[in-house]
Amino acid sequence: MAKIKAIRAREILDSRGNPTIQTTIELDDSSHGTFSCPSGASVGSHEAVEKRDGDPARYNGRGVLQNLESIVKVIAPKLLGQDAKNQAEIDQTLIEIDGTPNKANLGANTILSVSAAALVAQAASEKIPLFQYVAEIATTRDVAIPTPMFNILNGGTHANFNVDIQEFMVVPIGQKNYSACLEVATETYFSLQSLLKTMNLPILLGDEGGFAPPLSSNKQALDLLKEAASKNRSQDHLDFALDVAASNLRQQDGYKIKDSNKTLNAPDFTKYLEDLLANFPIHSIEDPFDQDDWVSWQIFTQKVGSKTSVIADDLTTTNKIRLEKAISEKAANAIIIKPNQIGTITETLEVVKSAKQAQFKIIASHRSGETNDDFIADFAVGIGASYAKFGAPARGERVAKYNRLLEIEHILSK
């Protein structure tokens, strides 16, 4: 039994240059665990609250010094001496200290940095890989590398709305192993880069490492993906995936996109999405409608759910109550898992359990504001996710996750 001996926190920068929290927990057996909290740009209104200082004199108000003070002066005194193996008790203590339903007091970023650091520390204490420890507490039966979804063309809030759809991803299907998936995706990424160069389009990158060229429509972006994939020797096993992030496109009278001269009402937008599914090899579609447009989600899932994964992210925000509503109303058949949307490891695992019981596909996801912390790679493997979203196979904060999966693949092959 290793008990929490010390908790330290500091302010670091994420991939967008914004401050975030890095917390280290040291145990009395000299083991320690460190976690750096990510941050989203496209944030659902039902996510737990991310807290920042609001001091305009520092980082335009985005500093996290108050969070650090809360960790040292408020959280640490309550957790010192606790057994690090009791993850549920640690997380319950954090929830009780905060005392709000959406983590608004301490901030979900503050709470998660401590919760996840405790998890990492305990795995180190037991001298087992993090993914294995996650699998134990999640009671995952089969541990395997999830199929990766590579975001090679960025749009929406990740690229200043060069196109409306936020993520255009390629999904290698039917490859013999994860290494082969990574190879296929990387080749396609560079095929897309070459194609953009021949079109004299600027080689710009979005938040998640994908290319962000100025384009006239979402269909043009898909045409580019299709052409880039055609140059790949594994094109027959390369599907696409979309993250529409439709809440960012919603206006008072419907959805506004570049592909249409008029604002589309929900039925027209449904037809638009169905046309995309009919004309491109789209494996899954995430957040096709606004986060509170439950009726449209239901209708769309009923229409296409038998052959396409309809993925809930802003709709469910890794929140068990919202997931249960999505299940009961048959509004989706897959879910994004992002621990910082809810704030603790225990609550995240509860959502994973409920989703699996409902036979939802699980997609473990990074955030657009990332660090070199590869925690989410181990977490994806440990919870038995079907898919993993870590951005493009480029930029250090994304590559760190993909390289960790290579390492885990090596461990599992022994």
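See the structure shown above.
Throughout what follows, the structure given in this document is the object of discussion. Per chain, residue numbering runs from 1 following the sequence as it is written. Residue-level local features of this predicted model are given only where pLDDT is at least 70; pairs of side-chain atoms are given and counted only at 80 or more, and the full residue set underlies all totals for whole chains, interfaces and linings. Where side-chain values are given, they derive from all heavy atoms of the structure, hydrogens and water being excluded.

1. Quick look at helix 3 (residues 108–125)
Helix numbers and strand numbers start at the N terminus; a helix is a DSSP run of H or I with at least 4 residues, a strand a run of E with at least 2. The span one expects for a helix is its residue count, reduced by one, times 1.5 Å. An ideal rise of 1.5 Å per residue puts 26 Å on 18 residues; helix 3 measures up with 25 Å between its terminal C-alpha atoms. Most of helix 3 is tucked away, with 17 of its 18 residues classed as buried. The cut-offs for exposure are 20% and 50% of the maximum accessible area for each residue type, with area from a 1.4 Å probe on protein chains only; residues under the lower value are buried, those over the upper are exposed, and the others partly exposed.

2. Here we look at the sheet that holds strand 3 (residues 32–36)
When DSSP finds two or more bridges between two strands, those strands count as paired. If you walk across this open sheet you meet the three strands as 1-2-3, and the pairing is antiparallel. Two strands in the sheet have a free side with no partner beyond their single neighbour: strand 1 (4–13) and strand 3. Across this sheet, the average inter-strand angle for adjacent strands is 15°, counted without regard to direction. Alignment of strand 1 against strand 2 (residues 19–27), held across nine bridges, turns out to be antiparallel. Between N-to-C directions, angles cover 0 to 180 degrees, with each direction set by a line fitted to C-alpha atoms, over the stretch in contact for helices.

3. Quick word on the packing of helix 3 against helix 4 (residues 130–138)
Contact geometry of helix 3 with helix 4 gives a least axis separation of 9 Å together with a crossing angle of 105°. Classified by the interaxial angle, the pair formed by helix 3 and helix 4 is roughly perpendicular. Residues Leu119, Val120, Gln122 and Ala123 of helix 3 touch helix 4, and the partners they reach there are Leu130, Tyr133, Val134 and Ile137. For this classification, Asp, Glu, Lys and Arg are treated as charged, while Ala, Val, Leu, Ile, Met, Phe, Trp, Tyr, Cys and Pro are nonpolar and the rest, including Gly, are polar. When its residues are assigned to classes, the contact of helix 3 with helix 4 shows seven nonpolar, one polar and no charged. Reported orientations rely on four angle classes, namely roughly parallel under 35 degrees, roughly antiparallel over 145, roughly perpendicular from 65 to 115, and oblique for the rest. Should any heavy atoms of two residues lie within 4.5 Å, those residues are considered in contact.

4. Describing the packing of aromatic side chains
Under the pairing criterion, centres of Phe, Tyr and Trp rings, with the six-membered ring standing for Trp, must be within 6.5 Å; the plane angle then separates stacked pairs below 30 degrees from edge-to-face pairs above 60, leaving the rest tilted. This model, assessed by the stated rule, comprises eleven aromatic pairs. Judged by centre distance (6.1 Å) and plane angle (70°), the rings of Tyr255 and Phe289 are edge-to-face. Of this pair, Tyr255 sits in strand 8 (residues 254–255) while Phe289 sits in the loop between strand 9 (282–286) and helix 8 (294–304), placing them 34 residues apart in sequence. Judged by relative accessible area, which is 1%, Tyr255 ranks as buried. Look at Phe289 and you get buried, because its relative accessible area is 1%. Chaining the aromatic ring pairs together yields one cluster made of Tyr255, Phe269, Tyr272, Phe289 and Phe300.

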